[in-house]
Amino acid sequence: MSSVLERFPGAQRALFRRYHIGGCSSCGFQPTETLAQVCARNGNLDVAEVLAHIESSHEQDEKVLISPAGLAELRKTDASIKLVDVRSREEFEAVNIAGSMLLSQNVMRDLMGSGSNDLPIVVIDHQGKNGLDAAAYFMGHGLKNVRCLRGGIDAWAQEVEPAMRRYKLG
């Protein structure tokens, strides 16, 4: 599964959404398991069908991602974009993109209650691995113009704002 997750970062979300696999301890899987083993253990699911679902979900994820350069350009032409940072408070306070907001209950309430499902939102995380989950949550609640920063704030620091401090999570 580790190679599947490496190639398709949203695979766990895709597996859980359709097959209820990998979302909790009772239906979880080990990184050392193969996709075939996980399918066999979960009702002998057809491996090819499951892989096709993962690939299709990955293609949908790709449509949600925006490159750091793309976001930088978009910010020049659209001042209404809301940058929603889903990292921890400590990470956000240490380094953030100017104008971004740390996700909180109040921010979520404002976004969901804005009266506009077309409000442009870009979700920011550390390295682009968790942001898609937050974007999926917003889209699942009716917001239509949600994107996720490809590579997270780390990619932003490398590609757009090289003076920005970078960090690693241990």
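Residues numbered from 1 in each chain as written. Predicted model: local features only at pLDDT ≥ 70, side-chain atom pairs only at ≥ 80, totals over all residues. Heavy atoms only, no water.

Caption draft 1: The arrangement of the pairing of strand 4 (residues 121-124) in detail. Of the two faces of strand 4, the one holding I121 and V123 and the one holding V122 and I124 are both buried throughout. The pairing of strand 2 (residues 82-85) with strand 4 spans four bridges and is classified as parallel. Pairing of D85 across the sheet is with I124, part of strand 4. With three bridges joining them, strand 4 and strand 5 (residues 146-149) adopt parallel strand pairing. Of the residues in strand 5, the one forming a bridge with I121 is V146. (Buried < 20%, exposed > 50% of the residue type's maximum accessible area, 1.4 Å probe, protein only. Helix = DSSP H or I, 4+ residues; strand = E, 2+ residues; numbered from the N terminus. Pairing = 2+ DSSP bridges.)

Caption draft 2: Geometry of the sheet that holds strand 2. Taking strand neighbours across the sheet as the criterion, the five strands line up as 1-5-4-2-3 in an open arrangement whose pairing is parallel. This sheet does not close on itself; its edge strands, each paired only once, are strand 1 (65-66) and strand 3 (101-102). Note: strand 2 against strand 3, two bridges, orientation parallel. Each bridged residue has a counterpart across the sheet, and for V84 the counterpart in strand 3 is M101.

Caption draft 3: Highlighting the packing of helix 2 (residues 11-19) against helix 4 (residues 47-64). Contact pair helix 2 / helix 4: the axes reach a minimum separation of 9 Å and the direction vectors enclose 120°. By the criterion of interaxial angle, the relationship of helix 2 to helix 4 is oblique. The hand of the helix 2/helix 4 crossing is right-handed. Residues A11, R13, A14, L15, R17, R18 and Y19 of helix 2 lie in contact with helix 4, whose contacting residues are E49, V50, H53, I54, S57 and D61. By residue class, the composition of the contact of helix 2 with helix 4 is six nonpolar, two polar and five charged. (Axes fitted to C-alpha atoms, helices over the stretch in contact; angles between N-to-C directions. Parallel < 35°, antiparallel > 145°, perpendicular 65-115°, else oblique. Left-handed = near helix turned anticlockwise from the far one by under 90°. Contact = heavy atoms within 4.5 Å. Nonpolar A, V, L, I, M, F, W, Y, C, P; charged D, E, K, R; others polar.)

The quantities given are spatial measurements derived from coordinates; they are silent on function.
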